[in-house]
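So the chains spell out like this:
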Amino acid sequence: MTSTSIAALLLAAGSSTRLGTPKQLLKYRGQSLLRHIAEIVLASSVGEMHVVVGFEAEQMKAELHGLDARLVDNANWHKGMASSIRTGISALQQSIDAVVILLCDQPLITTQLLDGIISAHATTGKPIVACEYGGTVGAPALFARSCFPELLQLEGDRGAKQLITQHLDQVAVVPFPGGSVDIDTAADYERLRSSEK
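Residues numbered from 1 in each chain as written. Predicted model: local features only at pLDDT ≥ 70, side-chain atom pairs only at ≥ 80, totals over all residues. Heavy atoms only, no water.

Participant: I'd like a description of the overall build of the protein, backed by residues and values.
Facilitator: Across its full length, the protein carries 7 helices and 9 strands. In terms of overall dimensions, the protein is globule-like: its C-alpha atoms have a radius of gyration of 15 Å, near the 16 Å expected for 197 residues. In terms of overall dimensions, the protein has C-alpha extents of about 40 × 35 × 35 Å along its principal axes. The proportion of buried residues among the 197 residues of the protein is 54%. Total accessible area computed for the protein in this model is approximately 9100 Å², and 50% of it derives from carbon and sulfur atoms. Between the centroid of the 16 positive side chains of the protein and the centroid of its 20 negative side chains there is a distance of 2 Å. (Helix = DSSP H or I, 4+ residues; strand = E, 2+ residues; numbered from the N terminus. Rg over C-alpha atoms; globule rule 2.2 N^0.38 Å. Buried < 20%, exposed > 50% of the residue type's maximum accessible area, 1.4 Å probe, protein only. Areas by Shrake-Rupley, 256 points an atom, 1.4 Å probe, with all protein chains shown as cover. Lys, Arg positive; Asp, Glu negative; His and termini not counted. Charge placed at Lys NZ, Arg CZ, Asp CG, Glu CD.)

Shown next as structure tokens:
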């Protein structure tokens, strides 16, 4: 069942400076990481998906061709992840009650995980639902509309994790062991490719 009042916000605006090439375009299971994650999101129960693009925006848009994605341009992408979160939140309709923020560099995200996050929000009533992995909590994470003002105050290259850590008493946690697998360096990507074989 689709949760029409819940949107997904996929952050795909960065230039991946540590990697040296846009991680969004790295191939995984025969397609780019960006399209891989986007298709998983669209198969979940979120009502709509917004994708924030910035660096090489036209290439990112081409990767999403044919998908039901609402593209949001972040002209200030070079100012860090917080600018993409602010841009994405600002683009949401008033009818949206909560948003699930996702990153392109967690290839082991599944539709079941996203549906579990949405379900945890509904059953616990907590305004934040975060994933737990590697001894920490983080993305993908859901934030209710009551959190939007704080998301709009984020600055620099720190994402929404600071909100999670500041409000731990308001956070429901969903286990996501695969969340520890993310792509920041060439070595990370090589490990991911080796695991596919």
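There is more to say after this.
Participant: Can you tell me about helix 4 (residues 111–124), naming the residues and giving the values?
Facilitator: Under the 1.5 Å per step criterion, the end-to-end length of helix 4 is 20 Å for 14 residues, consistent within 8% with the ideal 20 Å. When helix 4 is considered as a whole, its buried residues turn out to be Thr-111, Leu-113, Leu-114, Ile-117, Ile-118, Ala-120 and His-121. Looking one or two places after helix 4, you find Gly-125, whose phi comes out positive at around 75 degrees. (Expected span 1.5 Å × (residues − 1).)

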